Amino acid sequence: VIDANLIATWRYKLQNSDCAICFSSLSSPSVIDLQKGNDSEIVIGICGHSYHHVCITPWLRENNRCPLCSSKWEDNTPTKFSNKKIEEVFIKKIK
């Protein structure tokens, strides 16, 4: 092989596929980030429920519980998952 383009894709299995606060898919930006033209960070609670970071932050200021199951909120977002979309694609050109 002299030249190759490799594409790797992986997904995280989440308990919910939509943000329960803005009702947008977690694989797309939140309504707030969409209006600003930004990608959204996703956060995952210890309970397994996921939200757009900008959506859950105001809720957590008033209530330290998951909006879906009322479990105490503890961030369980993998380090590599922060600041990324649910599905990431990395393209690396190998020569």
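Each remark here, short or long, concerns the structure printed above.
Predicted model only: the values in this text are computed from it and were never measured. (Residues numbered from 1 in each chain as written. Predicted model: local features only at pLDDT ≥ 70, side-chain atom pairs only at ≥ 80, totals over all residues. Heavy atoms only, no water.)

Quick look at the overall build of the chain
Right, on to step 1. Scanning the chain from N- to C-terminus turns up two helices and four strands.
Right, on to step 2. Order of helices (α) and strands (β) in the chain, N terminus to C terminus: β-α-β-β-α-β.
Right, on to step 3. The buried share of the chain, reckoned over its 95 residues, is 29%.
Right, on to step 4. Within the chain, counting contacts between residues at least 6 apart in sequence, those at least 24 apart form 61% of the total.
Right, on to step 5. When the accessible surface of the chain is totalled, it reaches about 6,700 Å², and 51% of it is carbon and sulfur. (Helix = DSSP H or I, 4+ residues; strand = E, 2+ residues; numbered from the N terminus. Buried < 20%, exposed > 50% of the residue type's maximum accessible area, 1.4 Å probe, protein only. Contact = heavy atoms within 4.5 Å. Areas by Shrake-Rupley, 256 points an atom, 1.4 Å probe, with all protein chains shown as cover.)

What to know about the nonpolar core
Right, on to step 1. In terms of nonpolar packing, the biggest core is built from 11 residues, these being Cys-19, Cys-22, Leu-26, Ile-42, Val-43, Cys-47, Tyr-51, Cys-55, Ile-56, Cys-66 and Trp-73.
Right, on to step 2. Elements that contribute at least two residues to this core include exactly β2 (42–44) and α2 (53–62).
Right, on to step 3. If near-sequence neighbours (up to four positions away) are discounted, Cys-55 is found in contact with Cys-19, Ile-21, Cys-22 and Ser-30. (Core = buried A, V, L, I, M, F, W, Y, C linked by side-chain atoms within 4.5 Å.)

Here's the deal with the environment of Ser-24
Right, on to step 1. If you trace the backbone, Ser-24 turns up in the loop between β1 (4–10) and α1 (31–36).
Right, on to step 2. Sequence-wise, Ser-24 and His-52 are 28 residues apart; in three dimensions their C-alpha atoms are separated by 9.0 Å.
Right, on to step 3. In this structure, Ser-24 is in contact with Asp-18, Cys-19, Pro-29, Val-31 and His-52, ignoring residues within four places of it in sequence.

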